[in-house]
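One-letter residues, chain by chain:
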Amino acid sequence: MNGKNQKAAAALQRACAGLKVVTEPSVLESHGRDWTRFRAPRPAAVAFPESVSQVQQLVAAAAAAEIALVPSGGRTGLSGGAVAADGEVVVSFDRMRRVLDFNRVDRTLTVEAGVVTATVQERAAAEGLYYPVSFAAEGSSQIGGNIATNAGGIRVLRYGLTRDQVAGLKVVTGRGEVLECNRGLIKNASGYDLRHLFTGSEGTLGLIVEATLRLTDPPPPSKVLLLGVDSMDALMKVFATLRARLDLSAFEFFTDRALHHVRVGQGLPPPLDASCPLYVIVELDCPTEWQEEAAMDCFESCAERGWLLDGVISQSDRQIAELWRYREGISESISHFPPYKNDLSVTVSRVPEFLRRMDRLIGEICPEFEVVWYGHIGDGNLHMNILKPADLGLETFESRCHEISERTYALTRDIGGSISAEHGIGLLKQPWLDRVRSAEEIGFMRGIKQVFDPAGIFNPGKLL
Ligand code: 2HG
Ligand code: ZN
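Residues numbered from 1 in each chain as written. Chains lettered and ligands numbered in written order. Predicted model: local features only at pLDDT ≥ 70, side-chain atom pairs only at ≥ 80, totals over all residues. Heavy atoms only, no water.

Draft legend 1. Here's a closer look at unusual backbone geometry. Here the residue pair F337 and P338 is connected by a cis peptide bond, since its omega of -10° sits within 30 degrees of zero. Tracing the chain through its elements places P338 in the loop between α12 (330–333) and β14 (339–345). (Helix = DSSP H or I, 4+ residues; strand = E, 2+ residues; numbered from the N terminus.)

Draft legend 2. Local environment of the coordination of the zinc ion (ligand 2). Each protein donor to the zinc ion (ligand 2) is listed here as H376 (NE2), H383 (NE2) and E422 (OE); together their distances run 1.9 to 2.1 Å. Mapping the donors of the zinc ion (ligand 2) onto the primary sequence gives the spacing H-x6-H-x38-E. Of this pair, H383 sits in strand β16 (residues 381–387) while E422 is found in the loop between α14 (394–414) and α15 (433–436), placing the two residues 39 residues apart along the sequence. You can call E422 buried: its relative accessible area is 11%. (Donors = N, O, S within 2.8 Å, 3.2 Å for Na, K, Ca; no water. Buried < 20%, exposed > 50% of the residue type's maximum accessible area, 1.4 Å probe, protein only.)

Draft legend 3. The side chain of E112, seen in detail. Along the chain, E112 turns up in strand β6 (residues 108–112). E112 sits in the buried class, given a relative accessible area of 4%. A polar contact of 3.2 Å, which involves the side chain of E112, links it to the backbone nitrogen of R97. The contact partners of E112, leaving out residues within four places of it in the chain, are E50, M96, R97, R98, L100, V209 and E210. (Polar contact = N/O pair within 3.5 Å; in protein donor to acceptor, adjacent residues only side chain to side chain. Contact = heavy atoms within 4.5 Å.)

Draft legend 4. The pattern of salt bridges, seen in detail. Taken as a whole and judged by the stated rule, the model has 28 salt bridges. Salt-bridge contacts for R155 lead to E283; the nearest nitrogen and oxygen are separated by 2.7 Å. Separated by 128 residues along the polypeptide, R155 in the loop between α5 (143–148) and α6 (156–159) and E283 in strand β12 (residues 278–285) bring together distant segments of the chain. Exposure class is identical for R155 and E283. Each is buried. The salt bridge partner of D434 is R435, with a shortest N-O separation of 2.5 Å. Given the relative accessible area of 21%, R435 is considered partly exposed. Here the residues in one salt-bridge network are R350, E353, R357 and D414, joined through shared partners. (Salt bridge = Lys/Arg side-chain N within 4 Å of Asp/Glu carboxyl O.)

Draft legend 5. Summary view of the packing of helix α13 (residues 351–365) against α14. Put simply, α13 and α14 touch, their axes get as near as 11 Å, and they point 150° apart. Considering the angle they form, α13 stands roughly antiparallel to α14. Crossing hand, α13 versus α14: right-handed. Residue-level inspection shows F354, R357, M358, L361, E364 and I365 of α13 in contact with α14, the latter providing R400, I404, R407, T408, L411, T412 and D414. Of the residues assigned to the contact of α13 with α14, the class counts are six nonpolar, two polar and five charged. (Axes fitted to C-alpha atoms, helices over the stretch in contact; angles between N-to-C directions. Parallel < 35°, antiparallel > 145°, perpendicular 65-115°, else oblique. Left-handed = near helix turned anticlockwise from the far one by under 90°. Nonpolar A, V, L, I, M, F, W, Y, C, P; charged D, E, K, R; others polar.)

Draft legend 6. Representation of helix α8 (residues 232–245). In this model α8 runs 20 Å from its N-terminal to its C-terminal C-alpha over 14 residues, within 8% of the 20 Å that 1.5 Å per residue would give. Of all the positions in α8, only M232, A234, L235, M236, V238, F239, T241 and L242 are classed as buried. Packed against the buried residues of α8 are α6, β10 (222–229), β11 (248–255), β12, α10 (289–304) and α13. (Expected span 1.5 Å × (residues − 1).)

Draft legend 7. Layout of the site of ligand 1. Every residue close to ligand 1 is listed here: L78, R327, S331, K341, Y374, H376, H383, N385, E422 and H423. Contacts to ligand 1 include H376, whose side-chain N or O atom sits 3.0 Å from an oxygen atom. Note that an oxygen atom of ligand 1 is positioned 3.2 Å from one of the side-chain N or O atoms of N385. Taken by itself ligand 1 offers 300 Å² of open surface, and the protein chains cover 89% of this. Looking at the shell around ligand 1, the elements with two or more residues in it are β15 (370–376) and β16. (Near = heavy atom within 4 Å. Areas by Shrake-Rupley, 256 points an atom, 1.4 Å probe, with all protein chains shown as cover.)

Draft legend 8. Quick peek at the sheet that holds β10. In spatial order, the strands read β13-β10-β12-β11-β15-β16-β14; together these seven strands make up an open sheet with antiparallel pairing. The sheet terminates laterally at β13 (310–313) and β14, the two strands that pair on one side only. The sheet shows a mean angle of 15° between the axes of neighbouring strands, direction not considered. For β10 and β12, the ladder comprises eight bridges, and the chain directions are antiparallel. Residue pairing across strands places V229 opposite L278, the latter belonging to β12. Of the strands in this sheet, β10, β11, β12, β13, β15 and β16 are in contact with helix α11 (residues 317–328), which crosses β10 at around 40°. Relative to the sheet, α14 contacts β14 and β16, its axis offset from that of β14 by approximately 10°. (Pairing = 2+ DSSP bridges.)

Everything listed here is a matter of geometry and, on its own, says nothing about what the molecule does.
Shown next, in the form of structure tokens:
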């Protein structure tokens, strides 16, 4: 640790009585990064506040000494939003993991920022209710991070994003005040809804310390279909048919390359007899036999029209979990390459056009790379992972991927899409923010940042 870092850590420790501040190399390494692998972690220290008042003290001391703070949750992010590569102090919420309140009438759960997403789901289930945000990293990601990135996942199609579950937020701003946004209300027409500014702000406006989350009714018994199709056009027709007749809670896709990697990575058998270019995972409500018959009817009519090549339907809860592994295990199975990630979004109706044009572009500019696609078709959110060839250095690979990004984002903009659907801009996509947000918008975003974080201490270099 250099002298400047040592001073920063000591200044915070002095100013905040009882605050745990760690400078041990293994903790700097583990807490200075998220799941991205393109920047080496170099934080000055990691602070572990235990209470809102400790967070306030920490922020006041950091603002006075101009020490940059990087908020950090479960560190499962994929855009470098929680990476501290430049001598910042990481603020970990690992010690703020209390469930503060459950309100049965309001159907809300109030938690500290460090509570793990799966814990919220489990607590909701224990109360006979349901927290619907779900994704592969839910066993380690924390609610504060979910809110800061407005996390999506596999059930956005029915329940919306994390934003739609946030009924209230407590935030410590860069001025050290505590803001209580919305306080769990359903209706609140009293001016700007600051809760929605902090949601998705990627830790650049304030530190989210507590959240009140809306819970809902548990879904009825469900079934999962795994289907094979031979083109994106056919896939979209299947989507339209199923959506019109069935109660879908998820409609996800992956390519044959994605299937190859998840099978190797997780040791899974082929899911279908036929090999298909594209696969779909559909989850639907099946409370009675009637819905299952309707699903089989849809399946047959799609197959008769030549849109489906093959398919299976789950026969038990165990099989539901097994089928989901083909989709949820993909990201982990390719993580060792490592992949250069893009988290793109377009309107659902333009997905086939976008993928067609992207296929052409990839064939033109980087046919030597393996590109793996999967994602949330029901939300128009496509994950494009470019795998690093073993014989290419990380830096050369990254700079090639930057060239690819230029063309990809130009196409994305042309089609009216976004360069991040759910992972955030973070550190890695920051140079391209202006491809999808206008100069005026970015100007307003900077103005807002200045209001909440006048000393510019929160997550500098991320997003803006
Ligand atoms: C998913 O949908 C996650 O599986 C991760 O958002 C996406 O690995 C990715 O690129
Ligand atoms: Zn995703």
